[in-house]
Amino acid sequence: MEIANKIVSAVKAGILELYGTEVSESMIQLQETRPEFEGQLTVVVFPFLKISRKKPEDTAQDLGTFLKTQIPEVIQDFNVIKGFLNLTIQPSQWIDLLLDIQQQEHFGFVPVTEDSPLVMIEYSSPNTNKPLHLGHVRNNLLGWALANVMQANGNKVVKTNIVNDRGIHICKSMLAWQYYGNGETPESSGKKGDHLIGDYYVAFDQHYREQVKELVEKGMDEETAKQEAPLIKEAHDMLVKWEQNDPEVRSLWKRMNDWVYAGFDETYKALGVGFDKIYYESETYLEGREKVEEGLEKGLFYRREDGSVWADLTPEGLDEKLLLRSDGTSVYMTQDIGTAKLRFQDFPIDKMIYVVGNEQNYHFQVLSILLDKLGFKWGKDLVHFSYGMVELPNGKMKSREGTVVDADDLIATMIADARQMSADKVNKLENITDEEAQEIARVVGLGALKYFILKVDARKNMLFNPEESIDFNGNTGPFIQYTYARIRSILRKAAEQGIEIPEKLSSDITLSNKEISLIQHLQGFALAVRQAGQDYNPSCIANYCYELVKEYNQFYHDFSILREEDNNKKLLRIVLSAAVSQVIKDGMGLLGIEMPERM
RNA sequence: GGUUCGGUAGCUCAGUUGGAUUAGAGCAGCAGCCUUCUAAGCUGCGGGUCAAGGGUUCGAGCCCCUUCCGAAUCACCA
């Protein structure tokens, strides 16, 4: 950062002095020099040609000479190739930069202050009728990572979850449990609460389809049969009773939901995610109705003859959107409006981010417009952090076809596989207890899963290949964790030899290209964090970490560190290693991935 | 049909605000490297019309237009 700033302002001064024109900083392009050329940083001079009215080579030559005489403490030398001005930086500059990075608590993070804007992030948003699956895993990991990224970019962050705890689907589970459950509980069955309820949801669907089939065989057409089957009618009745606060229905509903929440909490804990504030749709849907009525009075919406309420969004190029059914009950959109209202009462939100799958792009487009019309100042530029589907090698995830990947199963499998991998490893760690081994397996297994999902650009549909995800070779979490553990091992050994990480380094060390390059890449972490915040995309941090680790690995194999005889050089490499491990830990920490001290 | 998002190696994915005659990783395949700080590693080889065509300019995988292919969505479901 420092070095680049010095150069940029010097270039600016140079253009002014040489050609008498003020240029904006965005015109000054500073980039890393390609390895095949001499130097470390390159100024692209093409943008200045119109100002200089000279050939690219001459312009670069002018500028290089200016820089070398103007800031000799930064620029050691320069060379010109076509329109590219390659700068060789004074080694002491790199050493200062390295020390700066190493000594900062969290290099590249922007501190959060009293005045920082408040960002609320909604993610997870489960239904209480079935357990979490792979799609939810992607959502949770993205939400958690994004929250960390926003905070690292200097925002106050409130993590929130909206639980969809009401509606026909919940009634289906309740009904099935009443009919086929024999009073089964999580305790009596030994099942996790969310799995138990999920099983009854499936049971409902089976029996319901049988009923439909019977009716069709009796001569009813399928559409009518779907509406007339006794089970679905009962479910609807139950929903009505629920809305009327029927004590019996409400008490069963509460009991079963509590089972589910206990199950979800376990899964969230295993994934390492959490929330600051949880909202329930059962508490927000009425607020939404009020807000819609309010909008209706203001003439923002209109009522049809059958009593249903609509928003006309054709001026915005969208359709008409239903807000209240003809019977006065709420739809999804109404609930989101209600939730928004409550949230705004609770927090002074500056920015709202919804982490929701891309199948709801249209919904959020509409929600943004509606919230804006209803006077929420953050409504207009709310962010729908839209992520793609997770597909499986043999097709998409579909619950009906039994191709869902259950979150709990997945986590357990990852940890078990990590355990197996470390057992098979050639150089096994000695002197570790079984508990320690299990803890390492947990960290590594989850690291593998999280990294595999987070390294992919969130917007894209991704393919989850279970076999590949447990392969710890290549661009994977365990590869990064492993490098980290090795660095930590070196630092431990250094400490055993009585070598502390120095606060200062001799300024006349000759740096190799690889060392300079590594320091430069460390610096890039700040950019990666900023970019992740701007684009709402954690994947660039994952890929940054991988690049850094890969480069360090080559470094590691080319140079010995503890066996280096030149003491200054040894200290430099120790500081460099410490800085790399620190940056990796911070980067992976943003993704919610833990780093093992040994593995 | 409308809207939104995608298309980069056999497969999974990167590619920073447009930059350097040669577009990168990993997996899979082949060939090397453990008396040396953890070999879950490192090095080398093969593999590409960046979907297609046009435009913008000193310069395009990236920006604009057209076309083709794929996904999502357009419900009194959530």
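Residues numbered from 1 in each chain as written. Chains lettered and ligands numbered in written order. Predicted model: local features only at pLDDT ≥ 70, side-chain atom pairs only at ≥ 80, totals over all residues. Heavy atoms only, no water.

Moving on, we get to the overall build of chain A. The secondary structure content of chain A amounts to 21 helices and 15 strands. A principal-axis box enclosing the C-alpha atoms of chain A has dimensions of 90 × 65 × 45 Å. The proportion of buried residues among the 599 residues of chain A is 52%. Put simply, 74% of the contacts in chain A that link residues at least 6 apart link residues at least 24 apart. (Helix = DSSP H or I, 4+ residues; strand = E, 2+ residues; numbered from the N terminus. Buried < 20%, exposed > 50% of the residue type's maximum accessible area, 1.4 Å probe, protein only. Contact = heavy atoms within 4.5 Å.)

Partitioning chain A into structural domains gives domain 1 (2-89) and domain 2 (407-590). Put simply, the middle of domain 1 and the middle of domain 2, counted by C-alpha atoms, are 35 Å apart. (Domains from an automatic or database assignment.)

A word on the sheet that holds strand β8 (residues 302-303). One open sheet accounts for three strands, arranged β8-β9-β10; its pairing is antiparallel. In the strand order of this sheet, the two ends are held by β8 and β10 (320-324), each with one partner. Sheet topology places β8 next to strand β9 (residues 309-312); two bridges connect them, and they run antiparallel. Of the residues in β9, the one forming a bridge with Arg303 is Val309. (Pairing = 2+ DSSP bridges.)

The subject of this paragraph is the pattern of salt bridges. Throughout the structure, instances matching the rule amount to 30 salt bridges. Between Lys341 and Glu287 there is a salt bridge whose closest N-O contact spans 2.9 Å. Taken together, the positions of Lys341 in helix α13 (residues 332-346) and Glu287 in helix α12 (residues 281-297) put the pair 54 residues apart, joining distant regions of the chain. Its salt-bridge partner being Glu293, residue Arg303 comes within 3.8 Å of it at the nearest N-O pair. Separated by 10 residues along the polypeptide, Arg303 in strand β8 and Glu293 in helix α12 bring together distant segments of the chain. (Salt bridge = Lys/Arg side-chain N within 4 Å of Asp/Glu carboxyl O.)

Moving on: the layout of surface pockets. The volume enclosed by the second largest pocket comes to roughly 780 Å³. Elements with a contribution of two residues or more to the lining of the second largest pocket: α1 (2-19), β1 (29-32), α19 (513-535) and α20 (539-558). In terms of residue class, the lining of the second largest pocket is made up of 11 nonpolar, eight polar and six charged. Structurally, the lining of the second largest pocket is a two-domain feature, drawing no fewer than three residues from each of domain 1 (2-89) and domain 2 (407-590). (1 Å grid on protein atoms, 1.4 Å probe; cavity = no way out; pocket = protein on both sides within 12 Å on 5 of 7 lines; lining within 4 Å. Points joined across faces, edges and corners; volume = space filled by probe spheres on them. Nonpolar A, V, L, I, M, F, W, Y, C, P; charged D, E, K, R; others polar.)

What follows concerns the pairing of β9. Counting the residues in the hairpin turn of β8 and β9 gives five residues, including Gly307, whose phi is positive at 100°. Note that β9 and β10 share four bridges and pair antiparallel. When the sheet's bridge partners are listed, Val309 is paired in β10 with Leu324.

The next point concerns the pairing of strand β12 (residues 383-387). Of all five residues that make up β12, five are buried, and the element is covered over most of its length. Across the two faces of β12 the burial is the same, with Val383, Phe385 and Tyr387 and His384 and Ser386 all buried. Two strands pair when backbone bridges link them, and strand β11 (residues 351-357) and β12 are joined in this way by five bridges, in the parallel orientation. Its bridge partner being in β12, Val356 is matched across the sheet by Ser386. For the crossover that starts at β11, traverses helix α14 (residues 361-373) and ends in the parallel β12, the hand is right-handed. (Right-handed = clockwise from strand over helix to strand, strands pointing away.)

Interhelical geometry of helix α16 (residues 434-454) versus helix α18 (residues 477-496) gives an angle of 130° and a closest axis separation of 7 Å. Judged on the interaxial angle alone, α18 and α16 are oblique. Contacts from Val443, Val444, Gly447, Ala448 and Tyr451 of α16 reach α18 at Gly477, Pro478, Ile480 and Gln481. Taken together, the residues of the contact of α16 with α18 break down into six nonpolar, three polar and no charged. (Axes fitted to C-alpha atoms, helices over the stretch in contact; angles between N-to-C directions. Parallel < 35°, antiparallel > 145°, perpendicular 65-115°, else oblique.)

Attention now goes to the environment of Phe37. As for its position among the elements, Phe37 is in the loop between β1 and β2 (41-44). Along the sequence, Phe37 and Ser189 sit 152 residues apart, while their C-alpha atoms lie 69 Å from each other. With residues near it in sequence (within four places) discarded, Phe37 still touches Ile81 and Asn86.

This part is about the nonpolar core. The biggest cluster of nonpolar side chains holds 158 residues, and the ones touching the most others in it are Ile7, Ile121 and Leu134. In terms of residue count, the dominant contributor to this core is helix α21 (residues 567-590) (12 residues). When residues of this core are assigned to domains, at least three map to each of domain 1 (2-89) and domain 2 (407-590). Setting aside anything within four residues of it in sequence, one finds Ile7 in contact with Leu30, Leu41, Val43, Ile71, Val74, Ile75, Leu87 and Ile89. (Core = buried A, V, L, I, M, F, W, Y, C linked by side-chain atoms within 4.5 Å.)

Moving on, we get to the protein's contact with RNA strand B. As a structural note, the neighbourhood of RNA strand B is formed by 65 residues, with Arg34, Asp306, Asp319, Asp457 and Asn473 the closest of them. Asp319 is positioned such that a nitrogen or oxygen atom in its side chain is 2.4 Å from a sugar or linking oxygen of RNA strand B. A distance of 3.0 Å separates a base oxygen of RNA strand B from a polar backbone atom of Leu562. Counting only elements with at least two residues in the surface near RNA strand B, the list comes to β1, β2, β4 (84-89), α14, β15 (462-463), α18 and α20. Its residues assigned to classes, the surface near RNA strand B comprises 24 nonpolar, 23 polar and 18 charged. (Near = heavy atom within 4 Å. Polar contact = N/O pair within 3.5 Å; in protein donor to acceptor, adjacent residues only side chain to side chain.)

What the five strands build is an open sheet, ordered β7-β6-β5-β11-β12; its pairing is parallel. Where the open sheet ends on each side, the last strands, each with one partner, are β7 (277-280) and β12. Across the sheet, the mean angle separating the axes of adjacent strands is 25° when strand polarity is ignored. Most of the contacts of α13 go to β7, to which it runs at about 150°, and overall it touches β5 (118-122), β6 (156-163), β7 and β11.

Below, the discussion takes up the packing of α12 against α13. Geometry of a packed helix pair, given as the angle between the helix axes and the separation of the axes. Here α12 crosses α13 at 95°, and the two axes come no closer than 6 Å. It follows that α12 is roughly perpendicular to α13 by the angle criterion. The segment α12 lies against α13, with Glu281, Glu283, Thr284, Tyr285, Glu287, Gly288, Arg289, Glu290, Lys291 and Val292 engaging Tyr332, Thr334, Gln335, Ile337, Gly338, Thr339, Lys341 and Leu342. Class assignment of the residues belonging to the contact of α12 with α13 gives a composition of five nonpolar, six polar and seven charged.

This part covers the side chain of Gln335. Summarising the element assignment, Gln335 is placed in helix α13. Those residues in contact with Gln335, other than ones at most four positions away along the chain, are Arg166, Glu281, Thr284, Tyr285 and Ser330.

Overall, the coordinates contain 21 aromatic pairs when judged by the stated rule. With 5.8 Å between their ring centres and 25° between their planes, Phe204 and Tyr208 make a pair best called stacked. With Phe204 and Tyr208 both in helix α8 (residues 193-217) and four residues apart, this pair spans about one turn of that helix. Here Tyr208 falls in the buried class, since its relative accessible area comes to 13%. Put simply, the rings of Tyr123, Phe264, Tyr268 and Phe275 touch in pairs and so form one group of aromatic residues. The ring of Trp253 carries the charged tip of Arg250 above its face, separated from the ring centre by 5.4 Å. (Phe/Tyr/Trp six-rings, centres within 6.5 Å; stacked < 30°, edge-to-face > 60°. Lys NZ or Arg CZ within 6 Å of the ring centre and 35° of its normal.)

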